[in-house]
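# Chain and residue survey
Listed below, chain by chain, are the residues.
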Amino acid sequence: MGLRLNLVIGGVLCVLIIAAAVLAPWLAHYNPIMDADLMNAELPPDGQFWFGTDSQGRDVFSRILYGAQVSLTVGIGSQLINTIIGLIFGISAGYFGGWWDDLVSGLTNLMLSIPSLIFALAIMAVLGPGLPSLLIALGLTNWSWTCRIARSSTLSLKSQGYVQAAKTLGYGDARIMATQILPNMIGPVLVIATLGMGDAILSEAALSYLGLGIRPPQPSWGNMLTDARELIVIAPWAAIFPGVAIFLTVLGLNLFGDGLRDWLDPHMRTRRA
Amino acid sequence: MNDCPEPLLRVEDLSVHFPVQGGVFSRSRRLLRAVNNVSLSLNKGECLSVVGESGCGKSTLALSIVGLQAPTSGAIYFEGKPITGTVQPSRMGRAQMAQIVFQDPYASLNPRQTVFTSLAAPLRLHGIEAGEVEGRVEEMMRLVGLKPDQAKRFPHEFSGGQRQRIGIARALVLNPRVVVLDEPVSALDVSIRAQIINLLLELKERLELSYIMISHDLSVVEHMSDRVAVMYFGQIVETGPWNSIFDNPTHPYTRRLIGAIPDPFAELAGTSLVDEASAPPPPAGFDFYPKEFGKHDVYSLPPPSQLVAIDVDHHVRLVPAH
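Remember, predicted model here, so these are calculated numbers, not experimental data.

Analysis parameters
- Residues numbered from 1 in each chain as written.
- Chains lettered and ligands numbered in written order.
- Predicted model: local features only at pLDDT ≥ 70, side-chain atom pairs only at ≥ 80, totals over all residues.
- Heavy atoms only, no water.
- Salt bridge = Lys/Arg side-chain N within 4 Å of Asp/Glu carboxyl O.
- Helix = DSSP H or I, 4+ residues; strand = E, 2+ residues; numbered from the N terminus.
- Buried < 20%, exposed > 50% of the residue type's maximum accessible area, 1.4 Å probe, protein only.
- Pairing = 2+ DSSP bridges.
- Axes fitted to C-alpha atoms, helices over the stretch in contact; angles between N-to-C directions.
- Parallel < 35°, antiparallel > 145°, perpendicular 65-115°, else oblique.
- Contact = heavy atoms within 4.5 Å.
- Nonpolar A, V, L, I, M, F, W, Y, C, P; charged D, E, K, R; others polar.
- UniProt positions renumbered as here; feature names shortened; annotations may be inferred.
- Phe/Tyr/Trp six-rings, centres within 6.5 Å; stacked < 30°, edge-to-face > 60°.
- Lys NZ or Arg CZ within 6 Å of the ring centre and 35° of its normal.
- Expected span 1.5 Å × (residues − 1).

### Quick word on the pattern of salt bridges
- In the structure shown here, the tally under the stated rule is 13 salt bridges over all chains.
- Note that R58 of chain A and D227 of chain A form a salt bridge whose closest N and O atoms lie 3.5 Å from each other. Remark: D227 of chain A occurs in helix α11 (residues 221–229) and R58 of chain A occurs in the loop between α2 (24–27) and α3 (60–96); sequence separation between them is 169 residues.
- Taking the relative accessible area as the measure of exposure, R58 of chain A reaches 5% and is therefore buried.
- For E183 of chain B, the salt bridge identified is with K58 of chain B, shortest N-O distance 3.6 Å. In this pair, E183 of chain B is assigned in the loop between β7 (178–182) and α6 (190–207) and K58 of chain B in helix α1 (residues 58–65), connecting sequence segments 125 residues apart. Of the two residues, E183 of chain B and K58 of chain B, neither departs from the other in class, the shared state being buried.
- Among the charged side chains, a salt-bridge network with shared partners connects E6, R10 and E12 of chain B.

Here's what the structure looks like:
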């Protein structure tokens, strides 16, 4: 079976972003915060400053590399929280049904009716800016889709013969949910989680742009855009490059998520001894 | 009914009713009466077949026996001890009493577990020592006619017949006493059916199993059963030894079922068992129900009736004549 094109392109983009984040200390020519020199402010891209410099004379390339660390941490961390919450609520609601299902479904619908960015904004306003608050705010506001997918998958899976057989063989409910139901919904859940990572990175950028996320001078793609906004006519590169970074990351995650869904189809798997 | 003091499994007056919601805003809750006051017993080493058309409640009955469906009323006894209601044993305790083989071999195996895992996990769960698990899985694979090294494969690498063999192995891995076969061959190719039927018969002898087989395929029933119970709209309408049922079907519904078996010779001779004129009349004071098929609906209680013995161990459901 050939690898799918979307998986390859998405995978390459994701690997590039991860490499940028991990290798930032070695790849960056300048310190993203300390190397500010107003003599070098607003320089266009050249051999020395690959992506130009911003209003403070800092190297945009170096700041984008360090910004990738923030974006990835927020994307992965918040989606981890979202996925765990969504899975626990969704699987248990679908499996047990009854009043618990009504409660969880109601809560899910409530969450879906509030724009998640507004909800995250409210949480950030309470917790204050910073990375931990970002993780909490974005991790608590975007689990509804995972929950819905998990619930509906559970509903269809629990009538399957192997789930019924597990009951007659003496498996407890928790073990059935963990070994018979959860592994069979990994595909769609991973897809949702990957796509959600893109959303989380966009939300982080939006919150940081609004001054509620990562505080300057620490670089994040969102607050870099805030800085660049005032001089978008004189130094467009300071806005374009963080924008392109966000675009490529979200695109890569979306393509990867799509490709993952096809690849995880169990019929394409062969023997694993 | 039996000389045997206590049958292995006894179903007593079992009813399963499902509440059906009328609609989103409707408060009316009707009851779908899937199983109505069914009583039957299974002796050790016996194969009891429950036959009837789809929707007659036979699968619900099967699920109740293995504990996957709680009965609305009535009880099930295993070796004289009740296994339903408030006194029912835990899932772990129940596992060695009855297991089930499902109809669809494609939905009955976890696609993300190797066959080895599917067979070994229940053994580990029941405290079989790690060293013995592998040998037991190997033994099970051989028992159902598969190679032990095939156990490391995933279900999608097997054909339908092989999957059904794995399903049988999983049902037998904990050494249950009773195996419920829910249409065990109806999803398989006709060419594979005989193999699976013979395997089931062989395993029954070797492991001293007792079967309850749910089926609508009377040619399979004829081949496997010792006794037959005919179900119609949630009730047993006729029950008896298989030869008595096949030679002397008495209830009009049983006659229709048996008449529906394609028989090229009867076709040539122009005769048919459905011939109403040759039907035996009901015993004095009783009547068959229903006069017309399909007049029943699953939401209403069936008319009051009783099972009347017409031969040794051969009972027919009759309604008192007015």
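Once the structure has been displayed, the description carries forward.
### Some thoughts on the pairing of strand β10 (residues 235–241) of chain B
Residues and elements named next belong to chain B.
- Burial within β10 is extensive, with six of its seven residues counted as buried.
- Bridging between strand β9 (residues 227–232) and β10 involves six bridges; their strand directions are antiparallel. Each residue of the ladder has a partner; that of Y232, found in β10, is Q235.
- Counted along the chain from β9 to the antiparallel partner β10, the turn is two residues long, and its residue F233 has a positive phi close to 45°.
- Sheet analysis places β10 next to strand β13 (residues 314–320), joined by two bridges and oriented antiparallel. Within β13, the residue paired with T239 across the bridge is H315.

### What about the packing of helix α10 (residues 186–209) of chain A against helix α12 (residues 237–263) of chain A?
Residues and elements named next belong to chain A.
- Their axes nearest at 7 Å, the elements α10 and α12 cross at an angle of 170°. Judged on the interaxial angle alone, α12 and α10 are roughly antiparallel. Contact residues: α10 offers L190, V191, T194, L195, M197, G198, I201, L202 and A205, while α12 offers I246, T249, V250, L253, N254, F256, G257, L260 and R261.
- Of the residues in the contact of α10 with α12, the class split is 12 nonpolar, five polar and one charged.

### Structural notes on the sheet that holds strand β2 (residues 29–42) of chain B
All names here are of chain B.
- Strand order in the open sheet formed by four strands is β2-β1-β4-β5, with antiparallel pairing between adjacent strands. Whereas interior strands pair on both sides, the edge strands pair on one side only; in this sheet they are β2 and β5 (81–82).
- Sheet topology places strand β4 (residues 73–78) next to β5; two bridges connect them, and they run antiparallel. Bridged to Y77 within β5 is P82.
- Against the sheet, α1 engages β1 (9–21), β2 and β4, with an angle of about 115° to β1.

### Overview of the UniProt feature "domain: ABC transmembrane type-1" (unreviewed entry) in chain A
- In the numbering used here, UniProt assigns the feature "domain: ABC transmembrane type-1" (unreviewed entry) to residues 68–257 of chain A.
- Overall, residues 68–257 of chain A shows 79% helix and 0% strand. The separation of its end C-alpha atoms is 19 Å.

### Quick word on the packing of aromatic side chains
- Evaluated as defined, the whole model comprises nine aromatic pairs over all chains.
- With a centroid separation of 4.3 Å and an interplanar angle of 35°, the aromatic rings of Y232 of chain B and Y253 of chain B are classed as tilted. Linking Y232 of chain B in strand β9 with Y253 of chain B in helix α9 (residues 252–259), this pair joins segments that are 21 residues apart in sequence. Y253 of chain B shares its class with Y232 of chain B; the two are buried.
- Connected via pairs of aromatic rings, a cluster forms that spans F89, W99, W100 and W143 of chain A.
- Residue placement shows R153 of chain B over the ring face of F158 of chain B; its charged tip is 5.9 Å from the ring centre.

### Description of α3 of chain A
Residue and element names in this part refer to chain A.
- Compared with an ideal rise of 1.5 Å per residue, which puts 37 residues at 54 Å, α3 spans 52 Å between its outermost C-alpha atoms and is within 8% of the ideal.
- In terms of burial, α3 is largely enclosed, as 27 of its 37 residues are buried.
- One or two residues past the end of α3 sits G97, with phi positive at roughly 65°.

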